[in-house]
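For reference, the chains in residue letters:
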Amino acid sequence: PLDASRYIHRVGRTARMGKTGRAVTIYIPSEYNKVKQLGRQCCSEVKSKVLKRTVAGDAIASWATKIAALEGDIGAIGEEESLEKELRLADVLAGKYGNLQKHKSEINARPAKTWYITNAEKQKLKEQEATEATERAAEEAPVEAKAGGKKRRRDMDDDDDDARNARRVKRMQARHKEKKELEKAERVLEERRMRASARRHKSANKPVKGDA
């Protein structure tokens, strides 16, 4: 392990639900100092008991010989598992291709996706909506009524009304622009999703090489 905390965590996985466990760490003489430090931290942090055992060289050589004798069997098992994995993948691909061939006529009968309006029509519609929004903002601008029968000077009223109308129109245009930008971003995202779906559909209908 790289650090003591990770080592303690791994050793702790040997004991669960109130039970005790044992972990065996194999090291070489050059790693003794590091393992000794890990053992001290285990004793201080989790109150565990660390025991040291020296394995004789003859025993290591004997087990190394036994492991080497199993190398052929281990390789055969690995090849068998790899072959089984390839067979499962081949079954999946064969089933997918069979479904495509079975429903080929239904897939080809589906209508192609088309746009209902052109880009020029979209632009014209945007301009028309912007004009209508500006007109609505100008019409909805409040007009101050005369209160208490007192007359106000016409030039001051006109100036105030024009300033308020200009601010209201500006706010309406800003909101309209923000709304259109959001709709444009949503359309771009939807177009990307449709293109990705079309590519996947095209890839699925592509015939597998070697088929007659």
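The structure displayed is predicted, hence computed values, not measured ones.

## Focus: the packing of aromatic side chains
If you walk through the whole model with that rule in mind, you get one aromatic pair. When the ring centre of Trp63 is taken as origin, the NZ or CZ atom of Lys66, which lies over that ring, is 4.4 Å away.

## Structural notes on helix α6 (residues 119–139)
The end-to-end C-alpha distance of α6, which contains 21 residues, comes to 30 Å, matching closely the 30 Å that a straight helix rising 1.5 Å per residue would cover. Taken together, the buried positions of α6 are Lys122, Ala133 and Ala137. One side of α6 carries all its buried residues, which in axial view fall inside an arc of 45 degrees. Residues of α6 that are exposed and point more than 90 degrees away from the buried face comprise Ala120, Lys124 and Glu139.

## Some remarks on the side chain of His176
Structurally, His176 is set in helix α7 (residues 154–205). Judged by its relative accessible area of 18%, His176 falls in the buried class. For His176, the residues in contact, after removing those within four places along its chain, are Lys126, Glu129, Ala130 and Ala133.

## Quick look at the nonpolar core
Among the nonpolar cores identified, the biggest contains five residues, and these are Ala4, Tyr7, Ile8, Leu38 and Cys42. For this core, the elements supplying multiple residues, two or more each, are α1 (4–12) and α2 (32–45). Among the elements that line this core, the one with the most residues is α1, at three residues.

## Notes on α2
Spanning 14 residues, α2 covers 20 Å between terminal C-alpha atoms, matching the ideal 20 Å at 1.5 Å per step. Buried within α2 are the following residues: Val35, Leu38, Gly39 and Cys42. Axial view of α2: buried residues confined to an arc of 100 degrees, hence all on one face. When the buried face of α2 is taken as reference, the exposed residues oriented beyond 90 degrees from it are Asn33, Arg40 and Glu45. Contacts from the buried residues of α2 go to α1. Positive phi appears at Lys47, one or two residues downstream of α2, with a value of about 55 degrees.

Reading the values: rules and limits
Residues numbered from 1 in each chain as written. Predicted model: local features only at pLDDT ≥ 70, side-chain atom pairs only at ≥ 80, totals over all residues. Heavy atoms only, no water. Phe/Tyr/Trp six-rings, centres within 6.5 Å; stacked < 30°, edge-to-face > 60°. Lys NZ or Arg CZ within 6 Å of the ring centre and 35° of its normal. Helix = DSSP H or I, 4+ residues; strand = E, 2+ residues; numbered from the N terminus. Expected span 1.5 Å × (residues − 1). Buried < 20%, exposed > 50% of the residue type's maximum accessible area, 1.4 Å probe, protein only. Arc of directions from axis to C-beta. Contact = heavy atoms within 4.5 Å. Core = buried A, V, L, I, M, F, W, Y, C linked by side-chain atoms within 4.5 Å.

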